[in-house]
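Observations on chain architecture
Spelled out, the chains give:
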Amino acid sequence: MSGDVTHRLSAEGVDPLSLAGINDGNLIALARLLGVRVSLRGDALSLVGSAAAVERATPIVQALVDLARMGEQLDVQDVDRLIAEEAQGTLGQATNGEVKIILPGLRRVIQPKTAGQREYLQAIAQHDIVVGIGPAGTGKTYLAVAAAVDALARKRVRRIVLARPAVEAGENLGFLPGDLQEKVDPYLRPLYDALEDMMPRDRVQKAVETRTLEIAPLAYMRGRTLSDAFVILDEAQNATGMQMKMFLTRLGVNSRAVITGDKTQIDLASREESGLLQVERILPGIEGIAFCYLDDADVVRHRLVRDIIRAYAEDARG
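Residues numbered from 1 in each chain as written. Predicted model: local features only at pLDDT ≥ 70, side-chain atom pairs only at ≥ 80, totals over all residues. Heavy atoms only, no water.

So, the overall build of the chain
Summing up its helical and strand segments, the chain has 11 helices and 11 strands in all. Looking at the chain as a whole, 48% of its 318 residues qualify as buried. Within the chain, contacts between residues separated by at least 24 positions form 68% of all contacts whose residues are at least 6 apart in sequence. As displayed, the chain has an accessible area near 15,900 Å², and 50% of this comes from carbon and sulfur atoms. (Helix = DSSP H or I, 4+ residues; strand = E, 2+ residues; numbered from the N terminus. Buried < 20%, exposed > 50% of the residue type's maximum accessible area, 1.4 Å probe, protein only. Contact = heavy atoms within 4.5 Å. Areas by Shrake-Rupley, 256 points an atom, 1.4 Å probe, with all protein chains shown as cover.)

What to know about the sheet that holds strand E10 (residues 256-261)
Pairing within the open sheet is parallel, and its six strands lie in the order E8-E7-E9-E10-E6-E11. The strands lining the two open edges of the sheet, one partner per strand, are strand E8 (213-217) and strand E11 (289-293). Shown here is a sheet whose adjacent strand axes are inclined to one another by a mean of 15°, direction ignored. With five bridges joining them, strand E6 (residues 129-133) and E10 adopt parallel strand pairing. (Pairing = 2+ DSSP bridges. Axes fitted to C-alpha atoms, helices over the stretch in contact; angles between N-to-C directions.)

Some words on the environment of Leu47
Counting through the fold element by element, Leu47 comes out in strand E3 (residues 44-49). Judged by its relative accessible area of 0%, Leu47 falls in the buried class. Separated by 11 residues in the primary sequence, Leu47 and Val36 have C-alpha atoms spaced 6.2 Å apart. When sequence neighbours within four positions are dropped, the list of residues in contact with Leu47 reads Val5, Thr6, His7, Leu9, Arg37, Val38, Val54, Ala57, Thr58 and Val61.

Observations concerning the environment of Ala290
Mapping Ala290 onto the fold places it in strand E11. In sequence terms Ala290 and His127 are 163 residues apart; their C-alpha atoms lie 6.6 Å from each other. With near-sequence residues (within four places) excluded, Ala290 lies in contact with Ala123, His127, Ile129, Val130 and Val131.

Observations concerning helix H6 (residues 140-153)
Here H6 is 14 residues long and its end C-alpha atoms lie 20 Å apart, about the 20 Å a rise of 1.5 Å per residue gives. In terms of burial, H6 is largely enclosed, as 12 of its 14 residues are buried. Here H6 has its buried residues at Lys140, Thr141, Leu143, Ala144, Val145, Ala146, Ala147, Ala148, Val149, Asp150, Ala151 and Leu152. Positive phi appears at Lys155, one or two residues downstream of H6, with a value of about 60°. (Expected span 1.5 Å × (residues − 1).)

Digging into the side chain of Thr138
Tracing the chain through its elements places Thr138 in the loop between E6 and H6. Setting aside its immediate chain neighbours within four residues, Thr138 contacts Gln117, Leu294, Asp295, Asp298 and Val299.

Focus: the pairing of E3
Taken across its six residues, E3 has five buried, putting it largely inside the fold. Pairing geometry for strand E1 (residues 5-10) and E3, over six bridges, is antiparallel. Paired with Arg8 across the two strands is Ser46, which belongs to E3. Relative to E3, strand E2 (residues 37-41) is paired through five bridges, and the arrangement is antiparallel. Paired with Ser39 across the strands is Ser46, a residue of E3. The hairpin formed by E2 and E3 contains two residues between the paired strands, and Gly42 there has a positive phi angle of roughly 65°.

A few points about the pattern of salt bridges
Following the criterion strictly, the structure yields nine salt bridges and no others. We note a salt bridge from Arg224 to Glu214, for which the minimum N-O separation is 2.8 Å. Taken together, the positions of Arg224 in the loop between E8 and strand E9 (229-233) and Glu214 in strand E8 put the pair 10 residues apart, joining distant regions of the chain. Judged by relative accessible area, Glu214 falls into the buried class, the value being 13%. The structure contains a network of salt bridges with shared partners spanning Arg164, Asp234 and Glu235. (Salt bridge = Lys/Arg side-chain N within 4 Å of Asp/Glu carboxyl O.)

As far as function goes, none of this settles anything; it's purely spatial.
This is the structure we're talking about:
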């Protein structure tokens, strides 16, 4: 069309499949949502459209190129998220390279995808205890595990301890079939999954055997002192107040802790028993402890997860 302008961005060093998406899905989504024609030829990505559309699209597409250059596998949800960030004025805050984790042994770089995730990772780097609160899909556990693996690789700690309370939906371990390991595995499997995404499986197994890595129910922490360790308490909303105090007082010299939880997913008989709600009341203001709040804008799973969380939140308010 007459009056159209063309703008070219360098895509040098970028995996074309990661940038364009399966069947060029990312490029098609960009064109549909931004009103520009998008084409990838070699190391150049071209935007064609009205001056206003191209001007708006350029920083969004540049952010997508930057993510792909970092080794991210991108999909249409990433396109949706970047466009939403541009509309909110937060585009680029989470992808400017200030916070990123390069995983040893893997050609992987983990970096925050949202402003909330960026603040969360920065807090983990700067505080001995971080409490991350937010809904499913915001990367609370995933980013904490990545930070732990990074700290171990850099020899800042000598081991990683991952814990979860074995309390969900009123179940009791005594009523589950199998030996103790089989009983706790369903509760701890998500932590194994996160680890195996960041470390080769054989390295995970070796680390478990040498006790460099420990994954255990929260109850197993009682009576211990955890020194030179990066400790993560996941699903902390299901820890009782007594369990939370026990956990926090386990920390020894040169240890750091990340506590993650979702206040909308408390499975305890009484909501007020939640140790997560308790620490939220009594610990703010203590130097060295940070609270980070993630919300539906930080969800990096399927777009529908974000919409589902919003729908439930609106229903609870209604």
